[in-house]
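Close look at the chain arrangement
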Amino acid sequence: MELEEIEQRIESAIPEATAEVQRARGAHDDDHLAATVRSPAFEGESLVDRHQLVYDALDELMTTDIHALELTTETPTE
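Because the structure is predicted, anything quoted here is derived from the model rather than measured.

Conventions we followed
- Numbers given for residues are sequential positions, taken from 1 along each chain in its written order.
- For this predicted model, a pLDDT threshold of at least 70 governs which residues receive local features, and a threshold of 80 or more governs which side-chain atom pairs are given and counted, while totals over whole chains, interfaces and linings are taken from all residues.
- Side-chain descriptors were evaluated using all non-hydrogen atoms of the structure, hydrogens and water having been removed beforehand.
- Strands are runs of DSSP state E lasting at least 2 residues, helices are runs of H or I lasting at least 4, and numbering of each runs from the N terminus.
- Relative accessible area decides the class of each residue, using a 1.4 Å probe on protein chains only: under 20% of the type maximum gives buried, over 50% gives exposed, and in between gives partly exposed.
- Only heavy atoms matter for contacts: two residues are in contact if any of them lie within 4.5 Å across the pair.
- Using the Shrake-Rupley algorithm and a 1.4 Å probe, accessible areas are obtained, with residue cover drawn only from the displayed protein chains.
- Counting rule for charge: Lys and Arg are taken as positive, Asp and Glu as negative, and neither His nor the chain ends is counted.
- The location of each charge is read from NZ of Lys, CZ of Arg, CG of Asp or CD of Glu.

Let's shift gears to the overall build of the protein chain. A tally of regular secondary structure across the protein chain gives three helices and three strands. For the protein chain, the α and β elements follow one another from N to C terminus as α-β-β-α-α-β. Counting only C-alpha atoms and orienting by the principal axes, one finds that the protein chain spans roughly 35 × 25 × 20 Å. Counting over 78 residues, the protein chain shows a buried share of 36%. Considering only contacts within the protein chain whose residues lie at least 6 apart along the sequence, 51% involve residues at least 24 apart. If you sum the accessible surface of the protein chain, you get close to 4900 Å²; carbon and sulfur atoms cover 45% of it. For the protein chain, the separation between the mean place of its 5 positive charges and that of its 20 negative charges on side chains is 5 Å.

The structure is reproduced here in C-alpha cells:
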C-alpha cells in the first residue's frame, strides 16, 4: 500500500485531520511506518485515545499491511 493511501485513509476517518506518513527511520522493510497526525478531534483526548482513533481509521491494515506504526498525534495548536 502506498503512503498516500494511508494518509488519505486517516484523513477521511478523523475530522479535519492532516496526516504525514513515511517509512520509519532505520526501517529496512516497507511495513514499518511513522505518522504524524494533526486534528482538532484530538482536543481533550488522552494519548491512548488519540492513537486508538488512528488505529481505528487504519482498521485491518494494522494486521495486514502495517507491522509497526510510530505515531505522533497533535491538535492544531500543539
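Moving on, we come to unusual backbone geometry. Even without glycine at this site, Glu 16 takes up a positive phi of about 55 degrees. Positionally, Glu 16 belongs in the loop between α1 (3–13) and β1 (18–23). With phi around 45 degrees, Asp 59 is a residue other than glycine that occupies positive phi space. Looking at where Asp 59 falls in the secondary structure, it is placed in the loop between α2 (47–58) and α3 (61–64). Looking at Asp 59, the relative accessible area reads 51%, which means it is exposed.

Moving on: the environment of Ala 13. Position of Ala 13 among the secondary structure elements: in helix α1. By relative accessible area, which is 46% here, Ala 13 ends up partly exposed.

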